[in-house]
Amino acid sequence: MSNKQDPFEFDDSEAVRFILETLSDETKQHVTDDDVQYVLDVLCEYYDKNHLMDSDSADDEAAIAEDDMHNYIWSVIKKENVVQLTEDDLQEILDGEFEYGKHIGIYTEA
């Protein structure tokens, strides 16, 4: 049995807390835990849709098209109208998610 952590499994509660801490004070005033969790769920959908979570590619580094990812998530947010976020809010959340991923070793900077 390998001690290697599956790079696509992380603690959602910890991630949400971490991301909320990275947000600007202004954004913290109106972005909730549920908002961040929703964005993380849509982000996982994006990864799944683009085969970035396939077990075959788990050991390979994948290049993520950040603009495409942002645009996909933003379009889902607008279509589903579940959360009330601005594009700037979304970008802060995605930046926080990236920082969390670096913190636990999922992401590296290119």
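This write-up is about the structure you can find in this document. (Residues numbered from 1 in each chain as written. Predicted model: local features only at pLDDT ≥ 70, side-chain atom pairs only at ≥ 80, totals over all residues. Heavy atoms only, no water.)

## Structural notes on the overall build of the protein
- On a plain count of helices and strands, the protein comes out with five helices and zero strands.
- Tracing the protein from N to C terminus, the helices and strands come up as α-α-α-α-α.
- Burial analysis of the protein (110 residues in total) assigns 32% to the buried set.
- Once local pairs closer than 6 in sequence are excluded, the contacts in the protein between residues at least 24 apart make up 60%.
- Summing over all exposed atoms, the protein offers an accessible surface of approximately 7400 Å²; the carbon and sulfur share of this is 44%. (Helix = DSSP H or I, 4+ residues; strand = E, 2+ residues; numbered from the N terminus. Buried < 20%, exposed > 50% of the residue type's maximum accessible area, 1.4 Å probe, protein only. Contact = heavy atoms within 4.5 Å. Areas by Shrake-Rupley, 256 points an atom, 1.4 Å probe, with all protein chains shown as cover.)

## Considerations on the nonpolar core
- In this structure, Val-36, Val-39, Ile-73, Ile-77 and Ile-93 are the most contacted members of the largest nonpolar core, which totals 28 residues.
- Put simply, the parts of the chain that give this core at least two residues each are helix H1 (12-22), helix H3 (33-49), helix H4 (66-80) and helix H5 (87-104).
- Tallying contributions element by element places H3 first for this core, with eight residues.
- Residue contacts for Ile-93: discarding those within four places in its chain leaves Ile-19, Leu-23, Val-31, Val-36, Val-39 and Leu-85. (Core = buried A, V, L, I, M, F, W, Y, C linked by side-chain atoms within 4.5 Å.)

## Considerations on the packing of aromatic side chains
- Tallied over the full model, the rule gives four aromatic pairs.
- On the numbers, 5.6 Å between centres and 45° between planes, the contact of Tyr-46 with Tyr-72 is tilted. In this pair, Tyr-46 sits in helix H3 while Tyr-72 sits in helix H4, placing the two residues 26 residues apart along the sequence. Neither Tyr-46 nor Tyr-72 differs from the other in exposure class; each is buried.
- What links up through ring pairs into an aromatic cluster is the set Tyr-46, Tyr-47 and Tyr-72. (Phe/Tyr/Trp six-rings, centres within 6.5 Å; stacked < 30°, edge-to-face > 60°.)

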